[in-house]
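Read off the chains here:
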Amino acid sequence: MSLSGGRGEEAMELWKSHVRAELFRRDCLQKDPFSGLFTKVSRLEELLNLHLSLWEDLERQSFSSSDDGIKRPVEGTNSPKLYLQFRQTEHIRQELEQKVSDLTSDLYLREAELQFCHSQVARYRTEAVLLAKEACSLKDDLSDYQYKLECQSKELAALRLEQKMLKEELAATRQEKEGLLERWLEEKREEAVRLNKHNATQERWNRFAGQMNKHLFGGSHQMRAASNGPQIIQRDSTEQPLPKKNK
């Protein structure tokens, strides 16, 4: 925005300068045919005023008024023509002196303006040198920033690539973890099934063994009772009573 605004202002200044130059040229062209006429008219008007004033002076010098109010010519007066030439020459000399004075003042003013312009030019040159140094420094800084930006861009690209690889590894690790967890759960389920089968088999076996033991132990007690009963109750007829021992 600043660059476009600066260019717009420069274009506007150039257009204004062009318009001013064209207007000045038009004024000069319009005044040019009448400039000599105006100068001559003003010069003739000055001469007329001078002649009128000189004529009045000559009349006052040529005639003197007496006590009775009658004007009489004065003898020994200079020729009016010579006096007129002298006064014209004096007037021209005064005009030239005034013109020289004006030109001298204008010259002093121009010299002061020239010195001011020289000082401004020197100041602008100094500012231009400083701005050139600042521009060089800014260019160096810009080069450094561009190099740093390039390095950071490369580092960012490397980090993004590394992040992508780490994400892929993380996804693979998660998938492997889920697979291992699924396998571990499957193994645990199978082990639980085997353990349940084993416990059921063991329980059945224990019940079967208990039933067998109960059956076996119950039959053996009956057989023992049956075999021991007749031996105690019945006696053999052939058995003789044991002889009594003498005391």
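Residues numbered from 1 in each chain as written. Predicted model: local features only at pLDDT ≥ 70, side-chain atom pairs only at ≥ 80, totals over all residues. Heavy atoms only, no water.

**Some words on the overall build of the protein**
Consideration 1: Along the protein, the regular secondary structure elements total 2 helices and 2 strands.
Consideration 2: Ordered by position from the N terminus, the helices and strands of the protein form the series α-β-β-α.
Consideration 3: In the protein, which comprises 247 residues, the proportion classed as buried is 2%.
Consideration 4: Within the protein, counting contacts between residues at least 6 apart in sequence, those at least 24 apart form 42% of the total.
Consideration 5: Of the roughly 23,400 Å² of accessible surface on the protein, 59% is carried by carbon and sulfur atoms. (Helix = DSSP H or I, 4+ residues; strand = E, 2+ residues; numbered from the N terminus. Buried < 20%, exposed > 50% of the residue type's maximum accessible area, 1.4 Å probe, protein only. Contact = heavy atoms within 4.5 Å. Areas by Shrake-Rupley, 256 points an atom, 1.4 Å probe, with all protein chains shown as cover.)

**Thoughts on the packing of aromatic side chains**
In this description, a pair of aromatic rings is defined by centroid distance and the angle of the planes.
Consideration 1: Taken as a whole and judged by the stated rule, the model has 1 aromatic pair.
Consideration 2: Ring centres 6.0 Å apart and planes at 40 degrees place the aromatic pair W205 and F208 in the tilted group. With W205 and F208 both in helix α2 (residues 80-233), this residue pair falls 3 residues apart, about one helical turn. (Phe/Tyr/Trp six-rings, centres within 6.5 Å; stacked < 30°, edge-to-face > 60°.)

**Some words on the pattern of salt bridges**
Consideration 1: Counted according to the given criterion, the structure contains 9 salt bridges.
Consideration 2: A salt bridge links R123 to E127; the nearest nitrogen and oxygen atoms lie 2.8 Å apart. In this pair, R123 and E127 are both assigned in helix α2, 4 residues apart and thus about one turn of the helix distant.
Consideration 3: For R123, a relative accessible area of 37% puts it in the partly exposed group. (Salt bridge = Lys/Arg side-chain N within 4 Å of Asp/Glu carboxyl O.)

**Notes on a nonpolar patch on the surface**
Consideration 1: Taken together, the side chains of M12, W15, V19 and L23 make up a nonpolar region of the molecular surface, amounting to roughly 380 Å² of accessible area.
Consideration 2: Within the secondary structure, V19 sits in helix α1 (residues 2-62).
Consideration 3: Under the relative-accessibility criterion, V19 is labelled partly exposed at 30%. (Patch = residues over 30% accessible without salt bridge, like charges linked within 9 Å, V, L, I, M, F, W, Y side chains within 5 Å.)

**As for the confidence of the model for the protein**
Consideration 1: Mean pLDDT over the protein stands at 76; residues scoring 70 or higher make up 70%.
Consideration 2: Averaged over each element, pLDDT in the protein is lowest for strand β2 (residues 71-73) (46) and highest for α2 (85).
Consideration 3: Scored below 50 in pLDDT, residues 70-77 shows 17 contacts in the model against residues more than four places distant or in partner chains.
Consideration 4: Of the regions scoring below 50 in pLDDT, residues 230-247 engages in 0 contacts with residues more than four places distant in sequence or in other chains. (pLDDT = per-residue confidence, 0-100.)

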